[in-house]
Amino acid sequence: MIKIEQIQKNLREAIANSSMSKKELAQKLGINPSTISKYLHEDKYPAIETLANICQILDVSADYILCLKEY
């Protein structure tokens, strides 16, 4: 069973491996930087459209973020 903690871990890793800060990512998404922190540390989930945009901006597979495949 996939748990939110693993999804958050993968999202944190994807951001860390990018050349982008959480603030820059939030600006590109048109959301508040605190929302990014909530995605990473709280039980707040991005909308499917936001998740797709996060994956596109970070150039990472949604399968990886959602723990559907290991890379």
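Residues numbered from 1 in each chain as written. Predicted model: local features only at pLDDT ≥ 70, side-chain atom pairs only at ≥ 80, totals over all residues. Heavy atoms only, no water.

Participant: What is the right way to read the overall build of the protein from this model?
Facilitator: Helix and strand counts for the protein stand at five helices and zero strands. Taken over the C-alpha trace, the protein has a radius of gyration of 11 Å; the compact-globule value for 71 residues is 11 Å, and the two agree within 12%. Once the C-alpha set of the protein is aligned to its principal axes, its extents read approximately 30 × 25 × 20 Å. Classification of the 71 residues of the protein by burial places 32% in the buried group. Within the protein, contacts between residues separated by at least 24 positions form 55% of all contacts whose residues are at least 6 apart in sequence. Put simply, the protein shows about 4,900 Å² of open surface, and 49% of that area lies on carbon and sulfur atoms. (Helix = DSSP H or I, 4+ residues; strand = E, 2+ residues; numbered from the N terminus. Rg over C-alpha atoms; globule rule 2.2 N^0.38 Å. Buried < 20%, exposed > 50% of the residue type's maximum accessible area, 1.4 Å probe, protein only. Contact = heavy atoms within 4.5 Å. Areas by Shrake-Rupley, 256 points an atom, 1.4 Å probe, with all protein chains shown as cover.)

Participant: Please clarify how helix 3 (residues 33-41) should be interpreted in this entry.
Facilitator: Given 3.6 residues per turn, any residue in an α-helix points the same way as the ones three and four places further on. Those residues of helix 3 that sit buried are Thr-35, Ile-36, Tyr-39 and Leu-40. Looking straight down helix 3, one finds that the buried residues subtend no more than 140° of arc, so they occupy a single side. Considering only its buried residues, helix 3 is in contact with helix 1 (4-17), helix 2 (22-29) and helix 4 (48-58). Its side-chain oxygen placed 2.9 Å from the backbone nitrogen of Ser-34, Asn-32 serves as the N-cap of helix 3. (Arc of directions from axis to C-beta. Polar contact = N/O pair within 3.5 Å; in protein donor to acceptor, adjacent residues only side chain to side chain.)

By themselves, these observations are geometric and do not establish any function.
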